[in-house]
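# Breakdown of the fold
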Amino acid sequence: MAAITRLRLAKCASFVSPLPPRTFSSSQVNAPPHFAASFRRVPPLDNLSKRCVQWVFLGCPGVGKGTYASRLSNLLAVPHIATGDLVRDELASSGPLSSQLSEIVKQGQLVSDEIIISLLSKRLAAEEAKGELGFILDGFPRTIKQAEILEGVTDIDLVINLKLREDVLLEKCLGRRICNQCGGNFNVASIDIKAENGSPGMVMAPLLPPANCISKLITRSDDTEAVVKERLRIYREMTQPVEEFYRSRGKLLEFNLPGGIPESWPKLLQVLNLDDYEDKRSAAA
Ligand SMILES: Nc1ncnc2c1ncn2[C@@H]1O[C@H](COP(=O)(O)OP(=O)(O)O)[C@@H](O)[C@H]1O
């Protein structure tokens, strides 16, 4: 345990690379006070030994943000916070927002910045109460406004932009299945695209559920063809500018997924300089 903690601290320190000068002034940002407060616990940049991962995953619906963010979260022992999950939890709770959110999500639209920031603040406060440092955000920010607010309250170290061709994204969204008992995420899509006209082929095996989950599989209500196409359109319109926001600040790491998890995970670890970290971590466990 102590070895893991030491490894974690050492790794946290080495993740923090000197960032380019910030071009955004936090005074321009209209962050709600409670949101800014949620981030105030993060130690300043020069206090490297106490500083941890503050990463963001960007990418179209179906690209695998949740899969890779969750794997990295387990590896690095930092919370994985997916705003899509926060929205779905709120929907399932039948709280005051739930009927309003249900319509928005069903149509593939974005929830308002105010609501999403309020849900995220609550989750960050809960992590803070548990004494957690650092986070891997998945699905936030999704608008320039959200990116500006986030930039005004904390320093994101790295933004990983996952990329896949659009026909594969659609197939993957339509193939998504969730076990309504254990919460496991699976995918029944079998992608096998032949190389043609100089573009490489791509094989992604399905991620099939174990036998005891098969009868409990559900599909997300927003994973229908029409709604996925609308979410992809909204991504291009509202979220693609966020890529440029981070690119211009020198924080964007573009990662073209070469295939399924077996091909992509080792390559992702390699570009993140974490390939030998995974070995050390499992050796220390
Ligand atoms: N940062 C956000 N801003 C606005 N709406 C969000 C945000 N994150 C999630 N949502 C809402 O939750 C839905 C599901 O999000 P998510 O699970 O991240 O889906 P996707 O598969 O499209 O990446 C979105 O379509 C949107 O309605």
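Look above for the structure.
The shown structure was predicted, so the numbers you read here are calculated from the model rather than taken from an experiment. (Residues numbered from 1 in each chain as written. Predicted model: local features only at pLDDT ≥ 70, side-chain atom pairs only at ≥ 80, totals over all residues. Heavy atoms only, no water.)

Taken together, 18 residues lie near the ligand, and Thr83, Arg88, Gln109, Gly139 and Arg231 sit nearest. At 3.1 Å, a side-chain N or O of Arg142 approaches a nitrogen atom of the ligand. At 3.2 Å, a side-chain N or O of Arg220 approaches an oxygen atom of the ligand. Bound to the protein, the ligand loses 96% of the 550 Å² it would expose on its own. Of the residues assigned to the shell around the ligand, the class counts are seven nonpolar, five polar and six charged. (Near = heavy atom within 4 Å. Polar contact = N/O pair within 3.5 Å; in protein donor to acceptor, adjacent residues only side chain to side chain. Areas by Shrake-Rupley, 256 points an atom, 1.4 Å probe, with all protein chains shown as cover. Nonpolar A, V, L, I, M, F, W, Y, C, P; charged D, E, K, R; others polar.)

So, on to the pattern of salt bridges. Counting across every chain of the model gives 20 salt bridges. Glu151 serves as the salt-bridge partner of Lys251, at 2.9 Å between the closest nitrogen and oxygen. Residue Lys251 is located in the loop between helix 9 (225–247) and strand 10 (252–256), and its partner Glu151 is located in helix 7 (residues 144–153); the two are separated by 100 residues in the primary sequence. For the pair formed by Lys251 and Glu151, the shared burial category is buried. A salt bridge links Glu254 to Arg247; its shortest N-O distance comes to 2.6 Å. With relative accessibility at 37%, the residue Arg247 sits in the partly exposed group. (Salt bridge = Lys/Arg side-chain N within 4 Å of Asp/Glu carboxyl O. Helix = DSSP H or I, 4+ residues; strand = E, 2+ residues; numbered from the N terminus. Buried < 20%, exposed > 50% of the residue type's maximum accessible area, 1.4 Å probe, protein only.)

This part covers the packing of helix 4 (residues 83–92) against helix 6 (residues 113–129). Where helix 4 contacts helix 6, the axes come no closer than 10 Å and their chain directions differ by 95°. In terms of their interaxial angle, helix 4 and helix 6 are classed as roughly perpendicular. Of the residues in helix 6, those in contact with Thr83, Leu86, Val87 and Glu90 of helix 4 are Ile116, Leu119, Leu120 and Arg123. Broken down by class, the residue content of the contact of helix 4 with helix 6 amounts to five nonpolar, one polar and two charged. (Axes fitted to C-alpha atoms, helices over the stretch in contact; angles between N-to-C directions. Parallel < 35°, antiparallel > 145°, perpendicular 65-115°, else oblique. Contact = heavy atoms within 4.5 Å.)

Of all hydrophobic cores here, the largest spans 63 residues; its most connected members are Trp55, Leu72, Ile160, Tyr246 and Leu274. Not counting the four nearest positions on each side in its chain, Leu72 is found in contact with Trp55, Phe57, Ala77, Ile136, Ile160, Trp265, Leu268, Leu269, Leu272 and Leu274. (Core = buried A, V, L, I, M, F, W, Y, C linked by side-chain atoms within 4.5 Å.)

Another aspect to go through is the packing of aromatic side chains. Working definition: an aromatic ring pair is given by the centre-to-centre distance plus the angle between the planes. Scanning all chains against the criterion turns up one aromatic pair. Note on Phe245 and Tyr246: the rings are 5.1 Å apart at their centroids and 85° apart in plane angle, and the pair reads as edge-to-face. Each member of the pair Phe245 and Tyr246 is classed as buried. Sitting above the plane of the Trp265 ring, Arg71 keeps its charged end 5.3 Å from the centroid. Here the guanidinium or amino end of Arg249 rests over the ring plane of Phe245, the centre of that ring lying 3.7 Å away. (Phe/Tyr/Trp six-rings, centres within 6.5 Å; stacked < 30°, edge-to-face > 60°. Lys NZ or Arg CZ within 6 Å of the ring centre and 35° of its normal.)

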